[in-house]
Amino acid sequence: SSQESFSSIVVEFSSTVDPEKAKSEVQNAVDRVTTLPEAAQDPSVEVIDFTNQPVMLFALSTPGDEAALPVIADELLDEIKVLPAVEKVNLTYRRDPEISIILTPETIAAHQLSIASLARAIDAALGNFPGGTIAATDTTLSLDQEKSVRSLESLRRLPITVGGETVPLGSLAVIIEKEKPGTLPAYVLSHKHDATRAIFFAAYQTENADTREAIDSIEKTIASYQALSPIDFTVSTYFNGAEEIDR
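Residues numbered from 1 in each chain as written. Predicted model: local features only at pLDDT ≥ 70, side-chain atom pairs only at ≥ 80, totals over all residues. Heavy atoms only, no water.

Caption draft 1: Examining the packing of helix α2 (residues 69-81) against helix α6 (residues 211-228) more closely. Running from N to C, α2 and α6 point in directions that differ by 135°, and their axes come no closer than 10 Å. When the interaxial angle is binned, α2 and α6 end up oblique. The element α2 and its partner α6 pack so that their crossing is right-handed. Residues Ile72, Glu75, Leu76, Glu79 and Ile80 of α2 form the contact with α6, whose own contacting residues are Ile218, Thr221, Ile222 and Tyr225. Of the residues contributing to the contact of α2 with α6, the split by class is six nonpolar, one polar and two charged. (Axes fitted to C-alpha atoms, helices over the stretch in contact; angles between N-to-C directions. Helix = DSSP H or I, 4+ residues; strand = E, 2+ residues; numbered from the N terminus. Parallel < 35°, antiparallel > 145°, perpendicular 65-115°, else oblique. Left-handed = near helix turned anticlockwise from the far one by under 90°. Contact = heavy atoms within 4.5 Å. Nonpolar A, V, L, I, M, F, W, Y, C, P; charged D, E, K, R; others polar.)

See the structure below:
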């Protein structure tokens, strides 16, 4: 492209090409040009290396179940960062939610509860429990099953035992999510839903990876995780390095 007193030429290479070698070859080609105007300054060659920039930026949101957002983000992060073509993945606007379990004086009196006894009951409901054993020739391994809570609703449905009676936790307490002071929010807006809280991902490829292959592996990983997830979530891609290369 050219404008008054300035011209630039963009040369694109495959992501597998060594940037310094490519720069040297382009510089040699430029140096062989001897027909520039006398008043022209010596041309310079600069490298823009996509390996030092994210190859994919996307936002993760969970319309209707904001409490599950950090859990899904962490699990998806674990899936993506082990891909061979991925160097690292950064998360922004991730927040650690604080859950408040509020008991009324009437509930405490009716069930003869205390904060300590309720805490023990919740801990027991969430704790590990025996799941059997695996026996080999000279070895026997014990198996534990671990319970987890993925959303506010599942916490409200959590069965706990108080006074010999098993009831959902939500029938005893008001359970709400509170945000830590100073947390900066981020939102995504779609024609399918109103503005919802989001966590943003920035994925970087390894030095020798092909950009298209790196992004393809990330997209396939997201799709596979989404197909198995019991919670609906949305991924909104706002930068795709492969599409930029193709332009």
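Caption draft 2: Highlighting a nonpolar patch on the surface. Together, Ile9, Val11, Phe13 and Val17 make up an exposed nonpolar region whose accessible area comes to about 390 Å². Checked against the element boundaries, Phe13 lands in the loop between β2 (6-7) and α1 (19-31). (Patch = residues over 30% accessible without salt bridge, like charges linked within 9 Å, V, L, I, M, F, W, Y side chains within 5 Å. Areas by Shrake-Rupley, 256 points an atom, 1.4 Å probe, with all protein chains shown as cover. Salt bridge = Lys/Arg side-chain N within 4 Å of Asp/Glu carboxyl O.)

Caption draft 3: Here's a closer look at the nonpolar core. Ranked by size, the top nonpolar core spans 24 residues in total, and within it Phe58, Ile80, Phe201 and Ile218 carry the most contacts. Broken down by secondary-structure element, the contributors of at least two residues to this core are β3 (56-61), α2, β4 (86-92), β12 (196-205) and α6. When residues no more than four places from it in sequence are discounted, the contact partners of Ile80 are Phe58, Val86, Val89, Ile218, Thr221 and Ile222. (Core = buried A, V, L, I, M, F, W, Y, C linked by side-chain atoms within 4.5 Å. Buried < 20%, exposed > 50% of the residue type's maximum accessible area, 1.4 Å probe, protein only.)

Any functional reading would require information beyond the geometric quantities listed.
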